[in-house]
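The primary structure of each chain is shown beneath.
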Amino acid sequence: GGAPRPPPGAGGAGGAARAAGAGRAAGGAGPPWTQARLPRHVRPLHYNLMLSAFLDNFTFCGEVNVHLECLNASRYIVLHAQRLHVQAVRVAEDRLAGGLRVAGFFLHPPTQVFVVVLNRSLEARRTYNLKIVYSALIENELLGFFRSSYVLHGERRFLAVTQFSPTHARKAFPCFDEPIYKATFKISIRHQATYLSLSNMPVETSVFEEDGWVTDHFSQTPLMSTYYLAWAVCNFTYRETITKSGVVVRLYARPDAIRRGSGDYALNITRRLIEFYEDYFKVPYSLPKLDLLAVPKHPYAAMENWGLSVFVEQRILLDPSISSIPYLLDVTMVIVHELCHQWFGDLVTPVWWEDVWLKEGFAHYFEFVGTDYLYPGWNMEKQRFLTDVVHEVMLLDGLSSSHPVSQEVQQATDIDRVFDWIAYKKGAALIRMLANFMGHSVFQMGLQDYLTIHMYGNAARNDLWNTLSKALKKVGKSVNIQEVMNQWTLQMGYPVITIIRNETAVNTVEIFQERFIYDISTKTKDPILGNSSYLWQIPLTIAVGNTSHISSEAIIWVSNKSEYHRIPALDEASWLMGNINQTGYFRVNYDIRNWRLLINQLMRNHKVISVSNRAGLIDDAFNLARAGYLPQSIPLEIIRYLSEEKDFLPWHAASRALYPLDKLLDRTENYNIFNEYILKQVASMYLKLGWPTNNLNRSLIQAPYQHEELRREVIMLACSFGNKHCHQQAATLISDWISSNRNRIPLNVRDIVYCTGVSLMDEDVWEFIWMKFHSTTAISEKKILLEALTCSDDRNLLNRLLNLSLNSEVVLDQDAIDVIIHVARNPHGRDLAWKFFREKWKILNARYGEALFMNSKLISGVTEFLNTEVELNELKNFIKSYEEGAAASFSRAVETVEANVRWQKLYKEELFQWLRKSLAH
């Protein structure tokens, strides 16, 4: 572990960081506290932090003692602090009892720092103690040390918890709040004895005072960064379990949830997953305990604080008697993700935030690997990863307003930008591509080495690339991973590969690569790189097939704009397929003749093509058509084969790909033609599969996952596109619930039935669902009841719901966004949500502006399906009138709406003409 590695700029993260360093030095004329990054003259070795938390008036006071090492002489000590009231400061040299005279101290809010000015300089290579006494509020918000509440036996109870990542530890105590400054921490918390306190480490001793107060002293932490330090004060109860290697795992939640057993599922899989990771990484979990804390409100799904991971209740509590498979999967994957961070992120930490995608991409990739360990038959990494990660992030990354996975970050305010789906999902997709071309076992060995070398320290992306290249060398392969991965991480976007077969020389193909962009008319925003100069080294796997079988794959590394390749097995009658099992992060296009052969193959015998490739073909075709690379009819011809498709994944891919197309058309006059075509493709499979029966006694896991998910997907398509039988079935189930007051609706389709019922039936059903939303205690149920209310066709009800969404007593802060987005997805409410968003922007921005995902999720949610010139102008005028905040999200929104408008102009008619012709046959 030892000393922290040099900060970036000292060669840590290569060129980008050096450039950032140079930029900082150039701007370095002002005093040190005006700089974007902390000056380097001191570093913390250890913190002693003593806190008292007053939950009766929501304040806390603290005393922090920082043991410092001086690296370069300086008269100033600059560290982070925000919103803290400092009462006293003392500085003393270690070896002498005497203090150093403090000439003054002040907060500098623009850079969120606290400055101590000394009478004489600190001397290099000596250690000092800095003591700061301060107080602050336990805020009613979502960052720093904040409070939330819940109701138990009719009375409101309070708790206080921290959320420090990425830059909010400074709101709770003065500290060096950058990941490179790893130190050890000794924390003690004084609170009323009716509460308990938790932190990263176990309690060592508790000292009880006469007056009903107690002080908990926690063990000292290993070397760690500030952003995953944590503590909480609450009156929860817990259940516990112990791993094979002796790690004590506890789940803390409200007493009623613990009593109901809602935490048991999470607790049990956590134990199994720690054992899985210890075995996979060959590095033991490094703390004596791990607590999972379920809180009512939290800005993210969860936070990986080392030894005290915090989860929002609806992503960890699970009532097995009323949870659907999608909910179970969601809970599982959030836990797998946070546990991965205990190694990737906590034990080994990024040097600086530009490489946050390293920890997030890994944790997101492992969500699928870890879930495969728990449920081997579910094929998450090979299948579900495609629709939920690759297809999803390619939508964002196909915009010219995208950004590279590694982006330069300087100000604290920029840091929020790097936590987005590009970091999580593209990061994960690139890691999966890497694992596949390296081979999984070599990849695993490389990760084991990486964690062993850098444990308790910081590492940048090049450290990882070098370790992985060495792992490949050991097995006799030589690939310069840094060179390959730099192109994928430092350039934005991704390539579309076009394979053109030669008319004359049968077994020769020409392969082109270019950057894929939805709206080809947008001039690329990057002045240095014209579109033409984007190039990648692409691991293209290729296979050749005919009516009855497919060849084994060959790999071609494509690195030029265009290349010729010989493919010996190719002949007139055979078809060709690229990106086998869609392990690569790119799209593949073919000449029309090859598309026709592939469509023909799907119609005659789709099983020759693998499940993942069937899903990949569907997604690529829809998106190539949307961007104008392919005729609009090709994707609609492909999905004709679905009536024979018994696998979940291709249906899921088709359903997801149809969604944006549906939203582009759902307010047009000819919408019913599109609707009719989709219903025709769904009808026979809907009849074949029927509806699930409600076996409440059968646990979720025993249901064959693929079959249940397929059935759910087909019912969803049938009901949302208006299949009469589906509508009747939903209405009957809702009426039965209302009249008998017993909910017999099968768990896996509840959300579909609720939504369909609300949209078809009268206001009484809306009121009934609204009442159930208030009375239910089951978290998973609350969420889908709330979303069902947004399905109404009644604009008055939708407006009422929008207005209620901002009332925190009725709708949790993190759920308000989902309400607004779901109303925007409803064609009857799209303009209402858009208007509401504009009118309430000041409130929304104040509430969610600092919380990483929330603002961007909201902005894209209310704008992504606007598609008229009028709406585009409304969006541009709105942005003009609100200069501040969320610039990146708004430029993405404008580009998306422009592309929607352009698609309407260029392709809508072509699509409807083809549909008319095809329905006439």
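Model, not experiment: these values are computed from the prediction.

Thresholds applied
Residues numbered from 1 in each chain as written. Predicted model: local features only at pLDDT ≥ 70, side-chain atom pairs only at ≥ 80, totals over all residues. Heavy atoms only, no water. Core = buried A, V, L, I, M, F, W, Y, C linked by side-chain atoms within 4.5 Å. Buried < 20%, exposed > 50% of the residue type's maximum accessible area, 1.4 Å probe, protein only. Helix = DSSP H or I, 4+ residues; strand = E, 2+ residues; numbered from the N terminus. Pairing = 2+ DSSP bridges. UniProt positions renumbered as here; feature names shortened; annotations may be inferred. Contact = heavy atoms within 4.5 Å. Polar contact = N/O pair within 3.5 Å; in protein donor to acceptor, adjacent residues only side chain to side chain. Disulfide = S-S within 2.5 Å.

## Some remarks on the nonpolar core
Phase 1 of the analysis: Among the nonpolar cores identified, the biggest contains 304 residues, and Ile 77, Phe 173 and Trp 231 are the most heavily contacted of them.
Phase 2 of the analysis: One finds Val 161, Leu 198, Leu 308 and Val 310 within the second-largest nonpolar core, a separate group that totals 15 residues.

## Here we look at unusual backbone geometry
A negative phi angle is the norm for most residues apart from glycine, just as the trans form is the norm for most peptide bonds.
Phase 1 of the analysis: Cis geometry is found at the peptide bond from Ser 165 to Pro 166, where omega equals -10°.
Phase 2 of the analysis: The topology assignment puts Pro 166 in the loop between strand 10 (155–163) and strand 11 (184–192).
Phase 3 of the analysis: The residue Arg 125 is not glycine, and still its phi comes out positive at about 65°.
Phase 4 of the analysis: Classification of Arg 125 as exposed rests on a relative accessible area of 74%.
Phase 5 of the analysis: Even without glycine at this site, Asn 379 takes up a positive phi of about 50°.
Phase 6 of the analysis: Among the structural elements, Asn 379 can be located in the loop between helix 5 (356–374) and helix 6 (380–397).
Phase 7 of the analysis: Judged by its relative accessible area of 28%, Asn 379 is partly exposed.

## Some thoughts on the environment of Ala 730
Phase 1 of the analysis: Topologically, Ala 730 is positioned in helix 18 (residues 724–740).
Phase 2 of the analysis: What makes Ala 730 buried here is its relative accessible area of 0%.
Phase 3 of the analysis: For Ala 730 and Ala 778, which are 48 residues apart along the polypeptide, the C-alpha to C-alpha distance reads 22 Å.

## What about the pairing of strand 4 (residues 85–93)?
Phase 1 of the analysis: Where strand 4 and strand 8 (residues 127–137) come together, 8 bridges link them in antiparallel fashion. Across the sheet, Ala 88 pairs through a bridge with Val 133, a residue of strand 8.
Phase 2 of the analysis: For strand 4 and strand 5 (residues 99–100), the ladder comprises 2 bridges, and the chain directions are antiparallel. The residue of strand 5 that forms the bridge with Ala 92 is Gly 99.

## Notes on the UniProt feature "binding site: Zn(2+)" (unreviewed entry) in the protein chain
Phase 1 of the analysis: The feature "binding site: Zn(2+)" (unreviewed entry), as given by UniProt, occupies His 337, His 341 and Glu 360 in the numbering adopted here. Despite a sequence span of 24 residues, these residues sit close together in the fold, their greatest C-alpha distance being 8.6 Å.
Phase 2 of the analysis: Locating His 337 in the fold gives a position in helix 4 (residues 325–341).
Phase 3 of the analysis: Residue contacts for His 337: discarding those within four places in its chain leaves Glu 360, Ala 363, His 364, Glu 367 and Tyr 424.
Phase 4 of the analysis: Along the polypeptide, Glu 360 turns up in helix 5.
Phase 5 of the analysis: Classification of Glu 360 by relative accessible area gives buried; the value is 2%.
Phase 6 of the analysis: Side chain to side chain, Glu 360 and His 337 meet in a polar contact 3.1 Å long.

## Describing the environment of Leu 143
Phase 1 of the analysis: Position of Leu 143 among the secondary structure elements: in the loop between strand 8 and strand 9 (144–152).
Phase 2 of the analysis: Placed 24 residues apart in sequence, Leu 143 and Thr 167 show a C-alpha to C-alpha distance of 9.2 Å.

## Some thoughts on the state of the cysteines
Phase 1 of the analysis: Scanning all chains against the criterion turns up 2 disulfides.
Phase 2 of the analysis: One disulfide bridge connects Cys 719 with Cys 726, the sulfur atoms lying 2.1 Å from each other. Here Cys 719 and Cys 726 share a disulfide; its torsion about the S-S bond, -100°, makes the bridge left-handed.
Phase 3 of the analysis: Shown here is the disulfide that connects Cys 755 with Cys 791, its sulfur atoms set 2.0 Å apart. Measuring the twist about the S-S bond at about -110°, one finds the Cys 755-Cys 791 disulfide to be left-handed. Of the two residues, Cys 755 sits in helix 19 (residues 750–760) while Cys 791 sits in the loop between helix 21 (779–789) and helix 22 (795–805), which places them 36 residues apart along the sequence.
Phase 4 of the analysis: Look at Cys 755 and you get partly exposed, because its relative accessible area is 27%.
Phase 5 of the analysis: A relative accessible area of 15% places Cys 791 in the buried class.
Phase 6 of the analysis: Cys 175 supplies the cysteine sulfur nearest to Cys 61, a cysteine that is in no disulfide, at a spacing of 17 Å.
Phase 7 of the analysis: The partly exposed category is assigned to Cys 61, whose relative accessible area is 31%.

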